[in-house]
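In case you want the letters, here they are:
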Amino acid sequence: MTGTGPLAGLRVLEVGHILAGPYATMLLADLGAEVTKVEPPGGDLSRQVSDAYFASLNRGKRSIRLDLAAPAGQDRLHELVREADALLVNLKPSAIRRFGLTYEALRPFNERLVCVALTGWGLEAGDEPAFDYVVQAVTGVAALTGTPDGPPLLPGYSTADNSAGLAAALGLLAQVISGQGGQLDVCLRDVMLSQLNYHAAAWLNEGVAPRRLGGAHTYYVPAQLFPTADGHLALFITHDRFWRSFAAEAGIEGYSTMAERAARRDEVIAAVTKALAADTAAGWEARLRPLGVAAGAVRTLPEALGENPGAVVRAGDHQLVASPFRITGHDPVYGPPPRLGEHGDLA
């Protein structure tokens, strides 16, 4: 929307709602793309959650309100398509086809248009509900999360939606760079299975099924959260050099190789837990980081944002988290979220 940045000149249409699709196109807008949000008469459902929620996914965009079920809405859509580089749609497969939002339907209006369908199970699948938490459950993510003797758990944020948004944005740009129009099919299920990469490889190639380890890493020991005298500490030790530095500071002897630590996981975890009880999480972080050991005290989100003021930007009336992309010479300008139909309303 700002006309600056590495994606300046790229024109993207978005027909979507809530999170995955709008997050994908917001990342593109942060990088300079002109993103036009095509909203139904009642607007994106996320407008009903809260103004801050909507802003967190839609800053810097334009908003045009269209009734895609009406002939006039279809005519206006086709006008927009003629001038666009890409269209990202985050709806059910039946709705994508009903509203004519596929490359096959839009090719007569713009042969070079890149069409991305972002769905739960795939464009060729049915319309079964596919909300973030459901996808986490059926792909094995929830089964991996939690303690060994506890129930499966879900992360505290929408990891499937956000991950799928990133994947959709990447796929869109890849096809735009190719110089050819076409249809891309991205779904939440496939994205989450892809992110279980080394777990899936262990099962498929070695017959080793992943276990729920309370957040501990499958291969590296110790690599998990530990209680301390005050608070919890994330400790992530891989190579033996890191272990030697940590063990010397913590007063632990033995377990000198990665293989030994993995084989004697329970002993190592017990020894580390006992040692870390001697200081606070903040104290251990201050002691270990100068040694090159990856360690961090668990913080709340307010604490994390307070420690990283550069990660907070203003977009209109809202304070939001900045784009994760830092590009030399590019200083993003974050536009406000659009009012419904601000750049074109129903006739």
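Keep in mind the model is a prediction, meaning the values are calculated, not measured.

Caption draft 1: Representation of the overall build of the chain in the model. Check the secondary structure of the chain and you find 14 helices and 11 strands. Along the longest, intermediate and shortest principal axes, the C-alpha atoms of the chain span 75 × 45 × 35 Å. Taking the contacts inside the chain whose residues are at least 6 apart along the sequence as the reference set, 69% of them involve residues at least 24 apart. With an accessible surface of roughly 17,300 Å², the chain has 56% of that area assigned to carbon and sulfur atoms.

Caption draft 2: Layout of the packing of helix H10 (residues 240–250) against helix H12 (residues 265–276). Between H10 and H12, whose axes approach to 10 Å, the crossing angle comes to 50 degrees. Classified by the interaxial angle, the pair formed by H10 and H12 is oblique. The way H10 lies across H12 gives a crossing that is left-handed. For the pair H10 and H12, the contacting residues are Trp243, Phe246 and Ala250 in the first and Val268, Val272, Ala275 and Leu276 in the second. When grouped by side-chain class, the residues that make up the contact of H10 with H12 number 7 nonpolar, no polar and no charged.

Caption draft 3: Local environment of the sheet that holds strand S8 (residues 232–236). The 3 strands are arranged S7-S8-S9 in an open sheet whose pairing can be described as antiparallel. The strands lining the two open edges of the sheet, one partner per strand, are strand S7 (223–227) and strand S9 (294–297). Strand-to-strand twist across the sheet, computed as the mean angle between neighbouring axes with direction ignored, equals 20 degrees. Looking at chain direction, S8 and S9 are connected through 4 bridges and run antiparallel. What sits directly across from Leu235, in S9, is Ala295.

Caption draft 4: Quick peek at the sheet that holds strand S2 (residues 34–39). An order of S3-S2-S1-S4-S5-S6 is seen for the 6 strands of this open sheet, with the pairing classed as parallel. Every other strand in the sheet has two partners, leaving strand S3 (62–65) and strand S6 (182–187) as the edge strands with one partner each. Along the sheet, successive strands turn relative to each other by an average axial angle of 20 degrees, direction set aside. As defined by bridge partners, strand S1 (residues 11–15) adjoins strand S4 (residues 86–89) across 4 bridges and the pair is classed as parallel. Bridge pairing links Val12 to Ala86 in S4.

Caption draft 5: Looking closely at the pattern of salt bridges. Per the counting criterion, the structure on display carries 22 salt bridges. Across the salt bridge formed by Arg59 and Asp30, the nearest N and O atoms sit 2.7 Å from each other. Here Asp30 lies in helix H1 (residues 20–30) and Arg59 lies in the loop between helix H2 (51–58) and S3, a separation of 29 residues in the sequence. Accessibility classification places Arg59 together with Asp30 in one group, the buried group. A salt bridge links Asp240 to Arg261, with the shortest nitrogen-to-oxygen separation between them at 3.0 Å. With Asp240 in helix H10 and Arg261 in helix H11 (residues 258–263), this pair connects stretches of sequence that are 21 residues apart.

Caption draft 6: Spatial organisation of the nonpolar core. Residues Val12 and Val116 are the most contacted members of the largest nonpolar core, which totals 31 residues. Of all the secondary-structure elements, those providing two or more residues to this core are H1, S4, strand S5 (114–119), helix H7 (159–178), S6 and helix H8 (188–195). The element contributing the most residues to this core is H7, with 5 residues. The residues contacting Val12, other than those within four sequence positions of it, are Thr25, Leu28, Ala33, Glu34, Val35, Thr36, Ala86 and Leu172.

Caption draft 7: Here's a closer look at the pairing of S5. Here S5 lies mainly inside the structure; 6 of its 6 residues are buried. Relative to S6, S5 runs parallel, the two sharing 6 bridges. Bridge pairing in S6 places Val116 opposite Leu184.

Caption draft 8: Local environment of unusual backbone geometry. At the junction of Val221 and Pro222, the peptide bond is cis and its omega measures out at 0 degrees in the coordinates. Relative to the elements of secondary structure, Pro222 occurs in the loop between helix H9 (197–206) and S7. Even without glycine at this site, Ile18 takes up a positive phi of about 60 degrees. Position of Ile18 among the secondary structure elements: in the loop between S1 and H1. The phi angle at Tyr255 is positive, at roughly 55 degrees, despite the residue not being glycine. Its location among the elements puts Tyr255 in the loop between H10 and H11. Exposure remark for Tyr255: the relative accessible area of 13% places this residue in the buried category.

Caption draft 9: Here's a closer look at the packing of H10 against helix H13 (residues 281–288). At a minimum axis separation of 11 Å, H10 and H13 run at an interaxial angle of 125 degrees. Taken together, the axis directions place H10 and H13 in an arrangement best described as oblique. Where H10 crosses over H13, the two elements pack in a sense that is right-handed. Residues Phe246, Glu249 and Ala250 of H10 lie in contact with H13, whose contacting residues are Trp284, Arg287 and Leu288. A breakdown of the residues in the contact of H10 with H13 according to their chemical character gives 4 nonpolar, no polar and 2 charged.

Caption draft 10: Examining the packing of aromatic side chains more closely. In total, this model carries 4 aromatic pairs according to the counting rule given. Measuring from centroid to centroid gives 5.9 Å for Tyr198 and Tyr219, while their planes differ by 55 degrees, and the two rings are tilted. In this pair, Tyr198 is assigned in helix H9 and Tyr219 in the loop between H9 and S7, connecting sequence segments 21 residues apart. Taking 5.7 Å as the distance between ring centres and 65 degrees as the angle between the ring planes, the aromatic pair formed by Tyr220 and Phe236 counts as edge-to-face. On the criterion of sequence distance, the pair formed by Tyr220 in the loop between H9 and S7 and Phe236 in strand S8 is long-range, its members being 16 residues apart. According to the relative accessible area criterion, Tyr220 is partly exposed, its value standing at 28%.

Cut-offs used in this document
Residues numbered from 1 in each chain as written. Predicted model: local features only at pLDDT ≥ 70, side-chain atom pairs only at ≥ 80, totals over all residues. Heavy atoms only, no water. Helix = DSSP H or I, 4+ residues; strand = E, 2+ residues; numbered from the N terminus. Contact = heavy atoms within 4.5 Å. Areas by Shrake-Rupley, 256 points an atom, 1.4 Å probe, with all protein chains shown as cover. Axes fitted to C-alpha atoms, helices over the stretch in contact; angles between N-to-C directions. Parallel < 35°, antiparallel > 145°, perpendicular 65-115°, else oblique. Left-handed = near helix turned anticlockwise from the far one by under 90°. Nonpolar A, V, L, I, M, F, W, Y, C, P; charged D, E, K, R; others polar. Pairing = 2+ DSSP bridges. Salt bridge = Lys/Arg side-chain N within 4 Å of Asp/Glu carboxyl O. Buried < 20%, exposed > 50% of the residue type's maximum accessible area, 1.4 Å probe, protein only. Core = buried A, V, L, I, M, F, W, Y, C linked by side-chain atoms within 4.5 Å. Phe/Tyr/Trp six-rings, centres within 6.5 Å; stacked < 30°, edge-to-face > 60°.

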